[in-house]
Amino acid sequence: MNDDLERRLEQAGRRAVPLLGADRVDDIARRLDARPGHRRAIPWAAAAAAAAVLIVVGVAVAFRRDGGGTLQPVSPPMDTATPTSPPPTSTTTSAGSLVTVPAATTAVPQGQATTVPPGGPTSTTQPGTSGGGTQPATTPPTAPTTTSPPTAPPTTAPPVIPAPSFTVGVQRIGDRLVFTWPPYGGSDGTQFVLVRVTAAGLQHWPVDPTRVARVVPDIGATRTTIDKPDTTRAAWQLVVVGADRQVVAISQVVFSN
Amino acid sequence: MHDLSEIGERSLVDLARRDRDAFAELYRRNVQAVHAFARRRTGAAADAEDITAVTFERALRSLHRFDPARGSFVAWLYRIATNEIIDQARRRQRRNTPRNQAILRAVVAGEEADPPDAAFTAGTEGDGELLAALNTLNDRYNTVLSLRFIAGLEVADVAAHLGITAGNCAVLTHRALAALRRQLEKGQAS
């Protein structure tokens, strides 16, 4: 009687699934290594963790924001580089770096001994902090670094997702994650959508609904919280959505633990 | 100095209780298997990564409780992963309120392409209906079916990890399948 159901379950158990990426394997290894009482670096994770700290520091100085501390919609909204191409700024690290640098960590020779601040790679990327520091949820981002006018030629990527144009801070408080961002200063945005992404950032819009962690209908909001009891490292982006449900602006990728 | 790659599982687990490098070797040997199980069971890539990470964190914390007499190390990891999957499903059900669903439909998918109501609870890969129905079963039924069929463990291994006899495991499996069938029929009827 239950044979068909058993077969269905067995099929689910045999379904081909892709392997976990080497960068994600290293991410988990870093988490294990950072556990209290487990401070001594697991050799194969240490070098990758050090690289991740550099990424966090780099992103912290590369964010783009206007001097008034408000978000600005990307203008024109649909003709800038997608997150898969580095935004053309004067800094050396950008959202695009998040795509390429972690991949390089998988090629780091195992066995290198490196000391990494516990929690460093997975802490907030609130701008102005220096790799792994945290700030109270109500603290606004600190003063921005400068960016120069775009000089790189436009990419040929599909003009769907604008380049990241502001930063979001994230802080863990117990089982919850608190996301904060500067006040929205544009006129096209109507809502915020917090999306769970990969390190490469949002690639498609509309996004897979399972990736949406929170919709914030109040465009005047500057913070939101979600329940996330597990402390697995996760990447997030905040999307400013217009009345036509298109992306008006998008934040840099931020990582939580 | 050990060549960890040549050490058998049981010895490696013993060693891992006091040697981090040995645990790293256990991680390296089993991470893909745990991830594959989690991905098949949840049907979602991001969930599978979370569950894999949490599974090894819990394993590291609870390694002193692993009893090799009750089955293989990977089966123990599957059990931990299953517990986390059950916990995760519960957490999602708590926050999957009608209001959240309505906002999501209005903003994300547009009027012409509403997402299914189970967007936050069901997987997006594989047999989503089956996986969602599994999450509605009680913990014991969910666990026995997940270990037996999704993980593909032998009855004896499942029984050992649940602390029951093989005969009882067979009975439990039969009842769990019946409950799963009822759940699927209920879903189709509604």
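Everything here concerns the structure above.
So, a few notes on the structure that sits alongside this text. (Residues numbered from 1 in each chain as written. Chains lettered and ligands numbered in written order. Predicted model: local features only at pLDDT ≥ 70, side-chain atom pairs only at ≥ 80, totals over all residues. Heavy atoms only, no water.)

1. Details of helix α9 (residues 166–189) of chain B
Think of an α-helix as 3.6 residues a turn; residues three or four steps apart then line up on the same face. Spanning 24 residues, α9 of chain B covers 34 Å between terminal C-alpha atoms, matching the ideal 34 Å at 1.5 Å per step. By the burial criterion, the buried members of α9 of chain B are Cys169, Leu172, Thr173, Ala176, Leu177, Ala179, Leu180, Arg181 and Leu184 of chain B. Contacts from the buried residues of α9 of chain B go to α1 (3–14) of chain A together with α6 (128–134), α7 (139–150) and α8 (155–162) of chain B. (Helix = DSSP H or I, 4+ residues; strand = E, 2+ residues; numbered from the N terminus. Expected span 1.5 Å × (residues − 1). Buried < 20%, exposed > 50% of the residue type's maximum accessible area, 1.4 Å probe, protein only. Contact = heavy atoms within 4.5 Å.)

2. A word on the nonpolar core
Ranked by size, the top nonpolar core spans 35 residues in total, and within it Leu9 of chain A together with Val144, Leu145 and Leu180 of chain B carry the most contacts. The set of elements that each furnish at least two residues to this core consists of α1 of chain A together with α2 (20–42), α3 (45–62), α4 (73–95), α6, α7, α8 and α9 of chain B. Among the elements that make up this core, the one with the highest residue count is α9 of chain B (seven residues). Residues from two domains meet in this core; each of domain 1 (4–94) and domain 2 (97–189) of chain B gives at least three. Counting 27 residues, the second largest nonpolar core, distinct from the first, contains Ile7, Leu12, Ala16 and Trp76 of chain B. (Core = buried A, V, L, I, M, F, W, Y, C linked by side-chain atoms within 4.5 Å. Domains from an automatic or database assignment.)

3. Things to note about the side chain of Thr52 of chain B
Locating Thr52 of chain B in the fold gives a position in helix α3. Of the residues examined, Thr52 of chain B reaches a relative accessible area of 0% and is grouped as buried. Every residue in contact with Thr52 of chain B, bar those within four places of it in the chain, is listed here: Leu20 and Ile28 of chain A together with Val31, Val34, His35 and Ala38 of chain B.

4. Topic: the side chain of Ser251 of chain A
Residues and elements named next belong to chain A. As for its position among the elements, Ser251 is in the loop between β7 (247–250) and β8 (254–256). Looking at Ser251, the relative accessible area reads 0%, which means it is buried. A polar atom in the side chain of Ser251 sits 2.9 Å from the backbone nitrogen of Leu238. With residues up to four places along the chain from it excluded, the contact list for Ser251 reads Pro164, Phe166, Val168, Gln237 and Leu238. (Polar contact = N/O pair within 3.5 Å; in protein donor to acceptor, adjacent residues only side chain to side chain.)

5. Some details on α7 of chain B
With nine of 12 residues buried, α7 of chain B is to be regarded as a mostly interior element. Within α7 of chain B, the full set of buried residues consists of Tyr141, Asn142, Thr143, Val144, Leu145, Ser146, Leu147, Phe149 and Ile150 of chain B.

6. Examining the packing of aromatic side chains
Following the criterion strictly, the structure yields seven aromatic pairs over all chains and no others. Note on Phe179 of chain A and Trp236 of chain A: the rings are 5.4 Å apart at their centroids and 70 degrees apart in plane angle, and the pair reads as edge-to-face. Of the two residues, Phe179 of chain A is situated in strand β2 (residues 176–180) and Trp236 of chain A in strand β6 (residues 234–242); the sequence distance between them amounts to 57 residues. In this structure Trp236 of chain A comes out as buried when scored by relative accessible area, which is 4%. Both rings, one in Phe66 of chain B and one in Trp76 of chain B, keep their centres 5.2 Å apart while their planes meet at 50 degrees; by these two values the pair is tilted. Note that Phe66 of chain B is positioned in the loop between α3 and α4 and Trp76 of chain B in helix α4, a separation of 10 residues in sequence. For the residue pair Phe66 of chain B and Trp76 of chain B, the accessibility class agrees, reading buried in each case. The rings of Phe66, Phe73 and Trp76 of chain B are connected pair by pair, giving a single aromatic cluster. When the ring centre of Trp236 of chain A is taken as origin, the NZ or CZ atom of Arg196 of chain A, which lies over that ring, is 5.7 Å away. (Phe/Tyr/Trp six-rings, centres within 6.5 Å; stacked < 30°, edge-to-face > 60°. Lys NZ or Arg CZ within 6 Å of the ring centre and 35° of its normal.)

7. Quick word on the pairing of strand β1 (residues 169–173) of chain A
Residue and element names in this part refer to chain A. Two strands pair when backbone bridges link them, and β1 and β2 are joined in this way by five bridges, in the antiparallel orientation. Bridge pairing links Gln171 to Val178 in β2. Joining the antiparallel neighbours β1 and β2 is a turn of two residues, in which Gly174 adopts a positive phi near 65 degrees. (Pairing = 2+ DSSP bridges.)

8. Points about the packing of α8 of chain B against α9 of chain B
In a packed pair of helices, the relevant descriptors are the angle between the two axes and the axis-to-axis distance. Residue and element names in this part refer to chain B. Contact geometry for α8 and α9: axes closest at 9 Å, N-to-C directions at 95 degrees. Judged by the inter-axis angle, α8 sits roughly perpendicular to α9. Seen from α8, the contacting residues are Val155, Val158, Ala159 and Leu162; seen from α9, they are Ala166, Cys169 and Leu172. (Axes fitted to C-alpha atoms, helices over the stretch in contact; angles between N-to-C directions. Parallel < 35°, antiparallel > 145°, perpendicular 65-115°, else oblique.)

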